[in-house]
Amino acid sequence: MSTADLPKQYDPQDAQRRWYDFWLQKGYFHADPSSKKPPYTIVIPPPNVTGALHLGHALNNTLQDILIRWKRMQGFDALWMPGTDHAGIATQAVVERRLLEEEEKTRHDLGREALVERIWAWKDEYEKRILSQLRLMGCSCDWERTRFTLDDMCARAVRVTFFRLFQADKIYRGKRLVNWDAHLRTAVADDEIYYEDVKGQLWTIKYPVAGSTTGEALHVATTRPETMLGDTAVAVHPDDPRYQHLIGRSVSLPLTGREIPIIADGLLVDPKFGTGCVKVTPAHDPNDYQTGLRHSLPMINLLNPDGTFNENAGAYAGLDRRVVRKRVVADLEAQGLLEKTEPYATRLNYSDRSKTPIEPYLSDQWFVRMDVLAQSAMDAVISGRVKIHPERYAKSYLDWLGEKRDWCISRQLWWGHRIPIWHCDGATEADLERAFAGRTDVSWRKAEAGGWLICAETDLPVDALGPQFELRQDPDVLDTWFSSALWPHSTLGWPEETPELAKYYPTNVLSTARDIITLWVARMVMFGLFNRDEVPFKDVFIHPVIQDGKGQRMSKSAGNGIDPVDIIDLYGADALRYTLAYSATETQDLRMPVDKAKLPDGRQVNTSERFEQGRTFPNKFWNAARLVLLNLEGYESASVDLRALPVEDRWILSRLTEVQDATTRDLETFHFAEATKGLRDFTWNEFCDWYLEFAKGRLRDPESRPTAQRVVAAVLDGLCRLLHPIMPFVTEQVWQALAQVAPSRGLPEPGPAAESVCIAPWPNYPDSWDDAQATAIVVENWQGPITVIRNLRAEHNVPKEAKIHPIIVAANEGVAARIRLGESFLKAITPCESVTIVTQSEEPPGSVVAVGADVRIILPLENLIDLEAEAARHRKALSDIDRQLASIRAKLGNDGFVSRAPTAVVEQQRAKEAELVTQRAMVVALLAKAEAKP
């Protein structure tokens, strides 16, 4: 792009189309394990193939791309590994719902193979969409290495890990109480449920004491009367005098004909709560389950997988649990056993995937023993091998791992990694040893219920033991997080010792949201240590969660979500990235008010005013760059004596050095907002508003032009490189245009520029550029007086065309001399016809005065403004202030208001009074000046 082709306005869509393809063609994003460059690796948190990316994804991927582009420019062999997650339960739920809505069929109507085929088609469609969105954002991923959690490479890692855990006796199968999603008919993890407070009822039921001749009964309150059919005890507190005489006896369980014991349990029962009697249903309540284990109680499961009651419910078998509740309540009432019913607020657990209530359910599941694995992951953070930023999030990581609860890894789904276990009955160990002689990829053990569990790294045929023995593969699949926990090393080829694994593992940084610290981060550390004896990453950055202006989490269903693609269509990818980076503070949540806007095609979409603000900065940079480029005609590269440069050049180079140092420090410590803000302030304020104003005259002067061009080109070069990780497209557009007029640039000696800013070296300016003296002169002796004079003009409504003659009274001759160095800039920028710089001066009649650092600024206003009009304006302002003060003082003088109003309201009124008093003093002074007689 030549300067002749520079459009007046920056077109982000054109830049995106042009430069992303250019980067791909050049292969800049591809990492090379044979390279001698040091490695820097990030694995993308793989988005679920359940739909499009949301704004949270955009934030996280922007931050990762900033890091990877920065490190690439620093000379690292930077690998950003992209990929997607099969998201077992989430993806299957979406496809099943679609199947039911469009064809009125269930997965059982289709069968396992046909449903999985449908899900693969869904995956292909949405994975393509997700990856295209990442490209649209400018993400510089190594697309040649794109991974999927069900691809062959990742699947092999899953099988090997499972096999190794099985051999190490860290995987077992047992009947345990789990969270059951009856709609999807699968177990879900504790971390995959959410809670809602709902209005329900509390039923109090009489449990007659067995053998009582007086009609004695225990009164038990419950919010789930249908589960009483599975009660195996009633518990009381051992120290409760009301019931000590009954401990060890039994009650008749209503509606069942069974007798169950009365037990004493101080952990389950609070004698001060309710009646002090608690029904114990071990198969349908987590607390009751633990109680059942402590007292060796029977565990009666009432449910079928679909949520209907099974044969253990007797007359209620085959009915939906909601129907059973109604019938049980009616039957209790008919038998006179329902004491009372009252409204009651209760907290229900819901499946995050199906949005239906969770049922505690006793079922056979596969588990990972967490004791040793969890401790190893805790030690990694405690020792500092893994550092979590901000540090406060380490607590939730350690607290969760500290519970060391065994991990339920099986899911009753059809989409996912099939559990590599085969069941066999009737064989002897000798049969197994004979069939698998010499094989190190097969292991077996006795099953709790009898028979054998055979684990293999590869598929076993049904007749692997011979035709007399049948092998049945376990029908369950693994929890999605099992395969995701392997992501940092499975994507690099493990268990094979690939060149990628050798160079890029462990990775450097993981960036993610706080809600998967336990689900994913902790498990990656566990499995990284188990498989590789090395942590998977050195740093974990937890970014804020984006909410709407009311503090609600954004979602498509709530109508408050913002689609990042819409923002790119409206303002461009740079505006999206800049806004998100600028907002990525260390706060826990990021609030973003949601507004409406129209796309060019007329569609109305959600946006936020923050993105409108973000749009202005790339445009500001483009306009400034365009001004520079249009003034580089005739540019010639040559060496520059830095010591001989004018003050303003030494100042901007010194400030550029400081900004480069600050930006580097901020990125090293994951302070993205600070880095973005610092670059924005330097670019907008110091470079655009000040330095370019200083340089304009020199760029028009043939004598000073060559040096000014070399300096301004070097600064623009530096800004392109510093801003590139945040705004890659506009910086590439400027970089390529700059290369047309200044292909060789740099200070003090010029050098050839890189063919793309994408691979240009990250700035590392020498200490010799640091010039505190030049900075002090520009900031204190030039910018200070210029700002004061501008303010005086504005405060007193001096017409733009008026010719002013300010007088600057310096504190001493040294200050005066430094101001005179910038006299030409002062005259041009204020602007003024002449300026007098002295160390002593009287105030001419009709002047206004302001005091700055080591200076007093006198601005004669005689014949420049209408003093009577000014005086009238000030009188009106004074009248308005007095009226507001009178109102506030009347309130504060009212004892009733002061005593009854909230303290914050009273303090607000007092603060407003103080502010108005200050304003009044200023207006009085201005009025006095306007009314003063010449």
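Calculation criteria
Residues numbered from 1 in each chain as written. Predicted model: local features only at pLDDT ≥ 70, side-chain atom pairs only at ≥ 80, totals over all residues. Heavy atoms only, no water. Helix = DSSP H or I, 4+ residues; strand = E, 2+ residues; numbered from the N terminus. Areas by Shrake-Rupley, 256 points an atom, 1.4 Å probe, with all protein chains shown as cover. Buried < 20%, exposed > 50% of the residue type's maximum accessible area, 1.4 Å probe, protein only. Contact = heavy atoms within 4.5 Å. Polar contact = N/O pair within 3.5 Å; in protein donor to acceptor, adjacent residues only side chain to side chain. Pairing = 2+ DSSP bridges. Axes fitted to C-alpha atoms, helices over the stretch in contact; angles between N-to-C directions. Salt bridge = Lys/Arg side-chain N within 4 Å of Asp/Glu carboxyl O. Core = buried A, V, L, I, M, F, W, Y, C linked by side-chain atoms within 4.5 Å. Phe/Tyr/Trp six-rings, centres within 6.5 Å; stacked < 30°, edge-to-face > 60°. Parallel < 35°, antiparallel > 145°, perpendicular 65-115°, else oblique. Nonpolar A, V, L, I, M, F, W, Y, C, P; charged D, E, K, R; others polar. Left-handed = near helix turned anticlockwise from the far one by under 90°. Right-handed = clockwise from strand over helix to strand, strands pointing away.

Focus: the overall build of the protein chain
- Counting its secondary structure elements, the protein chain contains 28 helices and 34 strands.
- Dimensions of the protein chain along its principal axes, counting C-alpha atoms only, are 115 × 80 × 55 Å.
- When the accessible surface of the protein chain is split by element, carbon and sulfur atoms take 49% of a total near 40,900 Å².

Describing the environment of Ser583
- Topologically, Ser583 is positioned in helix H17 (residues 573–583).
- The class of Ser583 is buried, set by a relative accessible area of 7%.
- Measuring from C-alpha to C-alpha, the distance between Ser583 and Pro238 comes to 56 Å, with 345 residues separating the pair along the chain.
- The residues touching Ser583, leaving out its near neighbours within four places in the chain, are Leu590 and Arg610.
- Separated by 2.7 Å, the side chain of Ser583 and the backbone oxygen of Thr579 make a polar contact.

Considering the sheet that holds strand E13 (residues 338–351)
- Spatially, the 3 strands line up as an open sheet ordered E8-E7-E13, and their pairing is antiparallel. A strand with exactly one partner marks an edge of an open sheet, and here the two such strands are strand E8 (217–222) and E13. The mean angle between the axes of side-by-side strands here comes to 20°, regardless of whether they run parallel or antiparallel.
- Summarising the sheet, strand E7 (residues 193–208) and E13 pair through 13 bridges and their orientation is antiparallel. Within E13, the residue paired with Tyr195 across the bridge is Asn349.

What to know about the pattern of salt bridges
- A full pass over the atoms with the stated rule returns 63 salt bridges.
- Arg18 is the salt-bridge partner of Asp14, the closest N and O atoms lying 3.3 Å from each other. Of this pair, Asp14 and Arg18 both sit in helix H1 (residues 12–26), 4 residues apart, roughly one helical turn.
- Looking at Arg18, the relative accessible area reads 36%, which means it is partly exposed.
- As a salt-bridge pair, Arg145 and Asp142 come within 2.5 Å of each other at their nearest N and O atoms.
- For Arg145, a relative accessible area of 7% gives the class buried.
- Exposure remark for Asp142: the relative accessible area of 1% places this residue in the buried category.
- Each member of the salt-bridge network shares a partner with another, and the members are Asp65, Arg69 and Arg577.

Focus on the nonpolar core
- Among the nonpolar cores identified, the biggest contains 138 residues, and Leu55 and Phe687 are the most heavily contacted of them.
- Among the elements that take part in this core, helix H20 (residues 672–700) stands out by supplying 12 residues, more than any other.
- Every residue in contact with Leu55, bar those within four places of it in the chain, is listed here: Ile546, Met554, Ile562, Pro564, Leu576, Leu580, Met592 and Phe611.
- Val160, Ala377, Tyr393 and Ala447 belong to the second-largest nonpolar core, a separate cluster that totals 64 residues.

So, the packing of aromatic side chains
- This structure, assessed with the given rule, holds 33 aromatic pairs.
- A ring pair is formed by Tyr10 and Trp622, whose centres lie 5.7 Å apart and whose planes are at 40°; its orientation type is tilted. In this pair, Tyr10 sits in the segment before H1 while Trp622 sits in helix H18 (residues 609–630), placing the two residues 612 residues apart along the sequence.
- Since its relative accessible area comes to 9%, Tyr10 is described here as buried.
- Seen from their ring centres, Trp23 and Phe29 are 6.2 Å apart, and the 55° between their planes marks the pair as tilted. The burial state of Trp23 is the same as that of Phe29; both residues are buried.

Brief notes about the sheet that holds strand E34 (residues 855–860)
- In spatial order, the strands read E32-E31-E34-E33; together these 4 strands make up an open sheet with mixed pairing. With one partner strand each, in any of the chains shown, strand E32 (836–838) and strand E33 (847–852) form the two edges of the open sheet. Strand-to-strand twist in this sheet, taken as the mean axis angle between neighbours without regard to direction, amounts to 20°.
- Pairing analysis gives 3 bridges linking strand E31 (residues 807–810) to E32, with the strands arranged parallel. Bridge pairing in E32 links Ile808 to Ile837.

A closer look at unusual backbone geometry
- The omega angle of the peptide bond from His389 to Pro390 is -10°, so this bond is cis rather than trans.
- Position of Pro390 relative to the elements: it lies in the loop between strand E15 (387–389) and helix H10 (393–403).
- Even without being glycine, Lys355 reaches a positive phi, approximately 65°.
- Inspection of the secondary structure puts Lys355 in the loop between E13 and strand E14 (358–368).
- Residue classification places Lys355 among the partly exposed residues on the basis of a relative accessible area of 48%.
- Within the chain, Lys404 stands out as a residue other than glycine whose phi angle is a positive 50°.
- One can find Lys404 in the loop between H10 and strand E16 (407–408).

Here's the deal with the packing of helix H16 (residues 564–571) against H17
- Between H16 and H17, whose axes approach to 7 Å, the crossing angle comes to 120°. If you check the angle between H16 and H17, you find them oblique. Contact with H16, carried on its side by Pro564, Ile567, Ile568 and Tyr571, involves Ala573, Ala575 and Leu576 of H17 and no other residues of that element.
- Class assignment of the residues belonging to the contact of H16 with H17 gives a composition of 7 nonpolar, no polar and no charged.

Examining the side chain of Gln412
- Mapping Gln412 onto the fold places it in the loop between strand E17 (410–411) and strand E18 (421–424).
- Looking at Gln412, its side chain comes within polar contact range of the side chain of Gln365, at 2.9 Å.
- When residues no more than four places from it in sequence are discounted, the contact partners of Gln412 are Arg107, Trp180, Leu184, Arg185, Thr186, Ala187, Gln365 and Asp476.

Some remarks on the packing of helix H9 (residues 371–382) against H10
- Put simply, H9 and H10 touch, their axes get as near as 9 Å, and they point 155° apart. Here H10 runs roughly antiparallel to H9, going by the angle between their axes. Seen from above, H9 lies across H10 with left-handed handedness. Contacts between H9 and H10 involve Ala374, Ala377, Met378, Val381 and Ile382 on the former and, on the latter, Ala394, Tyr397, Leu398, Leu401 and Gly402.
- Class assignment of the residues belonging to the contact of H9 with H10 gives a composition of 9 nonpolar, 1 polar and no charged.

Some thoughts on the pairing of strand E24 (residues 537–543)
- Among the 7 residues in E24, 6 count as buried, and that is most of the element.
- Examined bridge by bridge, E15 and E24 share 3 bridges and lie parallel to one another. Directly across from His389, in E24, lies its bridge partner Phe541.
- With helix H15 (residues 517–532) bridging strand E23 (residues 507–513) and the parallel E24, this β-α-β connection has right-handed handedness.

This is a description of form; function is not addressed.
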